[in-house]
Amino acid sequence: MQYPLPEKIGDPDLFVGRAQEFKLLNHWLANIPKRAAKSRAILARRKSGKTCLVQRIFNRLWSENGQVIPFYFSFEENKIWFPDLALDYYRAFATQYLSFVERDEKLASKRLTVAQLRDYAKAKNQPLLLEDLDSLRQDKESGFHNSMWKTACSAPHRFAVHLDLRWLVI
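Predicted model, so just to flag it, every value in this text is computed and none were measured.

Reading the values: the criteria
Residues numbered from 1 in each chain as written. Predicted model: local features only at pLDDT ≥ 70, side-chain atom pairs only at ≥ 80, totals over all residues. Heavy atoms only, no water. Helix = DSSP H or I, 4+ residues; strand = E, 2+ residues; numbered from the N terminus. Polar contact = N/O pair within 3.5 Å; in protein donor to acceptor, adjacent residues only side chain to side chain. Phe/Tyr/Trp six-rings, centres within 6.5 Å; stacked < 30°, edge-to-face > 60°. Buried < 20%, exposed > 50% of the residue type's maximum accessible area, 1.4 Å probe, protein only. Lys NZ or Arg CZ within 6 Å of the ring centre and 35° of its normal. Core = buried A, V, L, I, M, F, W, Y, C linked by side-chain atoms within 4.5 Å. Contact = heavy atoms within 4.5 Å. Axes fitted to C-alpha atoms, helices over the stretch in contact; angles between N-to-C directions. Parallel < 35°, antiparallel > 145°, perpendicular 65-115°, else oblique. Left-handed = near helix turned anticlockwise from the far one by under 90°. Nonpolar A, V, L, I, M, F, W, Y, C, P; charged D, E, K, R; others polar. Arc of directions from axis to C-beta. Expected span 1.5 Å × (residues − 1). Bend = angle between axes of the 7 residues up to and from the residue.

**Student:** How would you explain the side chain of Gln-96 if you had to name every residue and give the values?
**Tutor:** Along the chain, Gln-96 turns up in helix 3 (residues 82-102). One polar contact links the side chain of Gln-96 to the main-chain carbonyl oxygen of Tyr-72, over a distance of 2.8 Å.

**Student:** Which residues make up the packing of aromatic side chains, and what are the values?
**Tutor:** Per the stated rule, a full pass over the model turns up 15 aromatic pairs. Here Phe-93 and Tyr-97 contribute two aromatic rings whose centre-to-centre distance is 6.4 Å and whose plane-to-plane angle is 5°, an arrangement assigned as stacked. Residue Phe-93 and its partner Tyr-97 are both found in helix 3; the two are separated by four residues, about one turn of the helix. An identical accessibility class is assigned to Phe-93 and Tyr-97; each is buried. Through a chain of ring-to-ring contacts, the aromatic side chains of Phe-71, Phe-73, Phe-75, Phe-82, Tyr-89, Tyr-90, Phe-93, Tyr-97, Trp-149, Phe-159 and Trp-167 assemble into a single cluster. Across the ring face of Trp-62, the terminal group of Arg-103 is positioned such that the distance to the ring centre comes to 3.9 Å. If you follow Arg-103 out to its NZ or CZ, it ends over the ring of Phe-100, 5.1 Å from the centre.

**Student:** Residues and numbers for the nonpolar core, please.
**Tutor:** Of all hydrophobic cores here, the largest spans 36 residues; its most connected members are Phe-71, Tyr-90, Phe-93, Leu-98, Leu-129, Phe-159 and Trp-167. Sorting the residues of this core by element identifies helix 2 (50-64), strand 1 (68-71), helix 3, helix 4 (114-123), helix 5 (127-142) and helix 6 (145-163) as the ones contributing at least two each. The element that contributes the greatest number of residues to this core is helix 3, accounting for 11 residues. Every residue in contact with Leu-129, bar those within four places of it in the chain, is listed here: Tyr-90, Ala-94, Leu-98, Tyr-120, Ala-121 and Phe-159. Among the nonpolar cores identified, the runner-up in size contains 10 residues, and Phe-22, Leu-29, Val-68 and Leu-168 belong to it.

**Student:** Would you mind going over the packing of helix 3 against helix 6 in detail, with residue names and values included?
**Tutor:** Two measures define how a pair of helices packs: the angle their axes make with one another and the distance between the axes. In contact at an axis separation of 6 Å, helix 3 and helix 6 are set at 20° when each is read in the N-to-C sense. By the criterion of interaxial angle, the relationship of helix 3 to helix 6 is roughly parallel. The chirality of how helix 3 crosses helix 6 is left-handed. For the pair formed by helix 3 and helix 6, the contact residues are Phe-82, Pro-83, Leu-85, Ala-86, Leu-87, Tyr-89, Tyr-90, Phe-93 and Tyr-97 on the first element and His-145, Asn-146, Met-148, Trp-149, Thr-151, Ala-152, Cys-153, Ala-155, Pro-156, Phe-159 and Leu-163 on the second. The residue makeup of the contact of helix 3 with helix 6, split by class, is 17 nonpolar, three polar and no charged.

**Student:** A description of helix 4 should follow, citing residues and the corresponding values.
**Tutor:** In an α-helix, one turn spans 3.6 residues, which is why side chains three or four residues apart end up on the same side. Three or more residues of helix 4 are buried, namely Leu-117, Tyr-120 and Ala-121. The buried residues of helix 4 occupy one face: seen down the axis, they fall within an arc of 100°. Counted as exposed and oriented over 90 degrees from the buried face of helix 4: Asp-119, Lys-122 and Ala-123. Packed against the buried residues of helix 4 are helix 3 and helix 5. In the stretch just after helix 4, Asn-125 is the one whose phi turns positive, near 50°.

**Student:** Which residues make up helix 6, and what are the values?
**Tutor:** Over its 19 residues, helix 6 runs 26 Å from end to end, which matches the ideal 27 Å to within 8%, given 1.5 Å per residue. Taking the largest bend as the criterion, helix 6 deviates by roughly 55°, centred on Ala-155, and proline Pro-156 comes between one and four positions later. All buried positions along helix 6 are accounted for by Met-148, Trp-149, Thr-151, Ala-152, Ala-155, Pro-156, Phe-159 and Ala-160. Check the buried side of helix 6 and you find it contacts strand 1, helix 3, helix 5 and strand 2 (166-169). Where helix 6 ends, the next residue or the one after it, Asp-164, has phi of about 55°, a positive value.

This is how it looks when you write it as structure tokens:
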């Protein structure tokens, strides 16, 4: 298995003892391509391995290169301006999508700039990316910050519908 998203636990071999949880999650993950999987929440005390669990799911799905594209975003515990959150979220989504499509694991843990995403979208004829990037720019210039967030947070769903793909948003 590849580890394009560095796991917070450090050495991946340190992540042990989760066979029961992965058995349940594997069944749930298998239902995503069939559109039979319902949303899930993982609740547990602090420092009990929730982040490591979802990062491992991301890495597994990315490595399998199957029908489900993983997207991982961590909301930091600090104040952030709404337009900046929208751009950060969209940049993470688009970069991880490109990482999966291009099979470039170095991209999974970074965020390309808007200019880099635009260059890629033009070079690889990705009209959805171009439309979203234009929309984000126009909405930011016009002060339509809610529209920026709607464009960003709806991207996985819109891409899934348009490209007939499945995403797991983590």
